[in-house]
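One letter stands for each residue in the lines below.
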Amino acid sequence: VRTHPTDVAVIGAGVAGLGVAWRAAQRGLAVTVLDPAPGSGASHVAAGMIAPVTEVAYGEEAVLGVHLASAGRWPRFAAELEEATGMSVGYRAHGTLAVAFDADDLRSLADLHAFQRSLGLDAEALASRECRDLEPALAPGVRGGLHVPGDHQVDTRPTWAALLAAAEGAGASLRPERVEGVVVEGDRAVGVRLGDGALLPATTVVLAAGSWSGGIIGVPPEAVPPVRPVKGQILRLRGPERPALLGRTVRGVVAGGSVYLVPRADGRLVVGATVEEQGFDTTVTAEAVYELLRDALRLVPGVATLELVEASAGLRPGTPDNAPLLGPSLLDGLVLATGHYRHGFLLLPVTADGIGEYLASGVLPDDLAPLSPHRFVGHGVGA
Ligand code: GLY
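For clarity, every value in this text was computed on a predicted model and none was experimentally measured.

Each value, and the rule that gives it
- Residues numbered from 1 in each chain as written.
- Predicted model: local features only at pLDDT ≥ 70, side-chain atom pairs only at ≥ 80, totals over all residues.
- Heavy atoms only, no water.
- Near = heavy atom within 4 Å.
- Polar contact = N/O pair within 3.5 Å; in protein donor to acceptor, adjacent residues only side chain to side chain.
- Areas by Shrake-Rupley, 256 points an atom, 1.4 Å probe, with all protein chains shown as cover.
- Salt bridge = Lys/Arg side-chain N within 4 Å of Asp/Glu carboxyl O.
- Helix = DSSP H or I, 4+ residues; strand = E, 2+ residues; numbered from the N terminus.
- Buried < 20%, exposed > 50% of the residue type's maximum accessible area, 1.4 Å probe, protein only.
- Core = buried A, V, L, I, M, F, W, Y, C linked by side-chain atoms within 4.5 Å.
- Contact = heavy atoms within 4.5 Å.
- 1 Å grid on protein atoms, 1.4 Å probe; cavity = no way out; pocket = protein on both sides within 12 Å on 5 of 7 lines; lining within 4 Å.
- Points joined across faces, edges and corners; volume = space filled by probe spheres on them.
- Nonpolar A, V, L, I, M, F, W, Y, C, P; charged D, E, K, R; others polar.

Brief notes about the site of the ligand
- In the neighbourhood of the ligand, the contacting residues comprise Met49, Glu55, Tyr260, Ala273, Arg316 and Arg342.
- For the ligand, a nitrogen atom lies 3.0 Å from a polar atom in the side chain of Glu55.
- Between an oxygen atom of the ligand and a side-chain N or O atom of Arg316, the distance comes to 2.7 Å.
- When the ligand is considered free in solution it has 200 Å² of accessible area, and contact with the protein chains removes 90% of it.

Focus: the pattern of salt bridges
- If you walk through the whole model with that rule in mind, you get 22 salt bridges.
- Glu55 serves as the salt-bridge partner of Arg251, at 3.1 Å between the closest nitrogen and oxygen. Taken together, the positions of Arg251 in strand β13 (residues 249–254) and Glu55 in the loop between β3 (49–50) and α3 (64–85) put the pair 196 residues apart, joining distant regions of the chain. With respect to burial, Arg251 and Glu55 carry one shared label: buried.
- Its salt-bridge partner being Arg268, residue Asp266 comes within 2.9 Å of it at the nearest N-O pair.
- You can call Asp266 partly exposed: its relative accessible area is 35%.
- Among the residues examined, Arg268 registers a relative accessible area of 30% and is labelled partly exposed.
- The network of salt bridges with common partners includes Arg23, Arg73, Glu80, Asp353 and Asp367.

Considering the nonpolar core
- In this structure, Val31, Phe77, Leu81, Leu163, Val206, Ile355 and Leu359 are the most contacted members of the largest nonpolar core, which totals 45 residues.
- Among the elements of the structure, β1 (6–11), α1 (15–26), β2 (31–34), α3, α6 (156–169), β18 (334–338) and α8 (348–361) are those that each provide at least two residues to this core.
- By residue number, the principal contributor to this core is α1, which donates seven residues.
- Residue contacts for Val206: discarding those within four places in its chain leaves Val8, Ala9, Val10, Ile11, Val20, Val335, Ala337 and Leu359.

Overview of unusual backbone geometry
- Look at the link from Arg242 to Pro243: it is a cis peptide, with omega at -5°.
- Its location among the elements puts Pro243 in the loop between β12 (228–238) and β13.
- In this model, Gly272 is joined to Ala273 through a cis peptide bond whose omega is -20°.
- With respect to the helices and strands, Ala273 occurs in the loop between β15 (268–272) and α7 (286–299).
- The backbone of Asn322 sits at a positive phi, close to 55°, despite the residue not being glycine.
- For Tyr341, which is not a glycine, the phi torsion comes out positive at approximately 50°.
- For Tyr341, the position within the fold is in the loop between β18 and α8.
- Tyr341 gets classed as buried once you look at its relative accessible area, which sits at 13%.

Digging into the side chain of Asp295
- Checked against the element boundaries, Asp295 lands in helix α7.
- With relative accessibility at 7%, the residue Asp295 sits in the buried group.
- When sequence neighbours within four positions are dropped, the list of residues in contact with Asp295 reads Val254 and Val259.

Remarks on empty space enclosed by the protein
- One pass over the structure, following the stated rule, counts one cavity of 30 Å³ or more.
- If you add up the space inside the largest cavity, you get close to 40 Å³.
- Residue lining of the largest cavity: Pro52, Glu55, Val56, Ala57, Glu60, Val63, Leu64 and His67, and that is the complete set.
- In the lining of the largest cavity, the residues fall into five nonpolar, one polar and two charged.

Structural notes on the layout of surface pockets
- Taken as a whole, the second largest pocket spans an internal volume of roughly 520 Å³.
- In terms of lining residues, the second largest pocket is bounded by 24 residues, among which Thr54, Val56, Leu112, Arg251 and Ser258 are the most central.
- Looking at the lining of the second largest pocket, the elements that each hand over two or more residues are α4 (103–118), β13 and β14 (257–263).
- Tallied by class, residues from the lining of the second largest pocket come to eleven nonpolar, eight polar and five charged.

Dropping the structure here:
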């Protein structure tokens with residue numbers, strides 16, 4: 001059985017897939033997005049930090065320029081999404097405060113600050129009292145911190161809903177169906193095989209299935225994206241809108257571990273996250289919930305009175321260098337928009353704009369060149 005052909009078949013209805021679908025549909029392409037459980041993957045559990053400075057990681061400097069560029073596009077991207085849909089995405093340009101719990105944590109924060117400064121990033125060292133002047137709910141024992149005004153956040157689930165509305169408003173369609181595999185004829189992808197056996201012919205297939213992107217059958221070994229699942233457990237709490245417990249995102253180094261607290265405008269609070277290499281396991285464990293709450297309470301004792309609403313686990317798609325895979329793969333007709341690791345929301349604007357542009361014009365914007373899937377060819381990964 002063949003169904004009506006489409007210009008672009010997008011595998012995966014997380015924010016990457018929907019963002020690409022929106023931009024491609026805006027450019028006049030016929031777009032079909034396929035996902036058996038739309039929006040239930042990493043996009044559903046993510047915190048939504050747009051935090052290239054506090055999340056900068058040693059050894060991952062190569063991707064920093066793209067992170068900063070994508071963060072810079074967020075205000076306009078959010079405004080455009082809200083204008084297209086009439087929905088709010090909760091973008092908050094409120095800055096981030098990273099704090100240290102004990103003396104060793106303060107040293108590791110000082111190292112991070114030196115690293116940030118060496119990269120020309122904007123972060124200001126604050127004494128304990130100055131941290132508490134910014135965030136009075138912090139525990140008095142907090143040793144000191146870094147104020148990063150440029151690290152922001154977006155509310156994740158409303159953003160996902162707005163992307164779906166925007167993509168559909170631009171003409172894309174979402175089919176809640178499982179993709180059996182990519183169909184290859186000669187040496188190019190020509191569509192996808194659906195779970196019911198039907199063929200959906202497509203000029204281009206976009207693989208945006210997060211951690212599952214490496215397991216789609218039919219893709220020749222050299223074009224399989226080298227992604228692995230990196231589990232993150234995360235909590236959602238709720239408190240009063242006023243007075244707000246926190247005015248900005250607070251991150252902490254706590255006895256060598258790390259925790260973040262992301263306050264939404266209406267009193268909800270996201271507390272995350274573990275980083276675990278456990279395969280495709282999404283079990284929520286007592287130990288992780290305990291440790292996240294323990295560390296959050298050490299920094300902000302008032303968290304104790306909030307309602308615990310949700311504990312969940314998601315799978316970040318990590319890659320060998322933890323930078324995303326954006327652009328054409330080694331298989332003609334197959335384009336990748338995956339491997340976003342900890343930065344799916346941060347990288348949404350460059351992913352949507354860049355892959356949308358490539359689909360419409362055949363030209364990949366220069367800023368995506370360092371993220372080409374071809375960088376792993378010949379390194380024995382993905383085969
Ligand atoms: N970027 C937040 C996380 O991956 O937990």
